[in-house]
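# Architecture and fold: a report
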Amino acid sequence: MARPKPVTFDKRKTVAENRRARFDYHIEDTFEAGIALQGTEVKALRAGEASIAESYAEVREGEVWLVNANVPEFSHGNRFNHEPRRPRKLLLHTREIDKLFGAVERKGMTLVPLSVYFNGTGRAKVELALAKGKQAHDKRATIKERDWKRDKARLMRENG
């Protein structure tokens, strides 16, 4: 019998985070995916240089690809340096890929990368979310709720 996966992932060093994703999307489910990288990409990530702000993931021919993620060229790289915005393959189990593909095709959901990080064993991972886009009124409600939490914390701090 398979052991259940932990809800939180073992994040040791976060390289890039997509903070806008939690505001723009309702996050339904999260997955931890490995990422197939070239040598200079790993070195650039270890230096903390990456951006996934405008990136997304898609399922193509039974594989999941991270599209439009920016990993700038490694400063000490040579002529074999990588291309900064190339599509990168995400490593998931077949069952997980089938689940993602079904949700994207049938339910109209989106695959959004939330963060890129190195786990405890030093492997580069992507936290991938299955999400549904928010409407404008949902975003206003999120802003209202966030402001109320901030005001409530301020009042509690001042009044004890």
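First things first, this report covers the structure right here in the doc. Everything quoted here is computed from the prediction, not taken from an experiment.

Thresholds, definitions, all that
Residues numbered from 1 in each chain as written. Predicted model: local features only at pLDDT ≥ 70, side-chain atom pairs only at ≥ 80, totals over all residues. Heavy atoms only, no water. 1 Å grid on protein atoms, 1.4 Å probe; cavity = no way out; pocket = protein on both sides within 12 Å on 5 of 7 lines; lining within 4 Å. Points joined across faces, edges and corners; volume = space filled by probe spheres on them. Nonpolar A, V, L, I, M, F, W, Y, C, P; charged D, E, K, R; others polar. Salt bridge = Lys/Arg side-chain N within 4 Å of Asp/Glu carboxyl O. Helix = DSSP H or I, 4+ residues; strand = E, 2+ residues; numbered from the N terminus. Buried < 20%, exposed > 50% of the residue type's maximum accessible area, 1.4 Å probe, protein only. Core = buried A, V, L, I, M, F, W, Y, C linked by side-chain atoms within 4.5 Å. Contact = heavy atoms within 4.5 Å.

### Side note on empty space enclosed by the protein
Across all of its chains, the model carries one cavity of 30 Å³ or more by this definition. Roughly 50 Å³ of volume is contained in the largest cavity. The wall of the largest cavity is formed by Ile35, Leu37, Leu45, Ala50, Ile52, Leu66, Ala69, Val71, Arg88 and Val116. In terms of residue class, the lining of the largest cavity is built from nine nonpolar, no polar and one charged.

### Overview of the pattern of salt bridges
Using the criterion set out here, one finds 11 salt bridges in the structure. With its nearest N and O atoms 2.8 Å apart, the salt bridge here joins Glu41 to Arg86. Here Arg86 lies in the loop between β4 (63-67) and β5 (88-91) and Glu41 lies in helix α2 (residues 39-46), a separation of 45 residues in the sequence. Assessed through its relative accessible area of 0%, Glu41 is described here as buried. For Arg86, a relative accessible area of 18% translates into the label buried. The partner of Arg150 in a salt bridge is Asp147, with the nearest N and O atoms 3.2 Å apart. Separated by three residues within a single helix, Arg150 and Asp147 lie in helix α4 (residues 136-159), roughly one turn from each other. Classification of Arg150 by relative accessible area gives partly exposed; the value is 45%. Given the relative accessible area of 29%, Asp147 is considered partly exposed.

### Some details on the nonpolar core
By size, the foremost hydrophobic cluster in this structure holds 26 residues, and its most contacted members are Val64, Leu90, Leu92 and Leu100. Elements represented by at least two residues in this core include exactly β1 (13-17), β2 (25-35), α2, β4, α3 (94-107), β6 (110-118) and β7 (124-133). No other element matches the four residues that β7 contributes to this core. Among all residues touching Val64, those that are not within four sequence positions of it are Ala57, Glu58, Val59, Arg88, Lys89, Leu90, Leu92, Ile97, Leu100, Leu111 and Leu128. Formed by five residues, the second largest nonpolar core is a distinct cluster that contains Val112, Leu114, Ala129 and Ala131.

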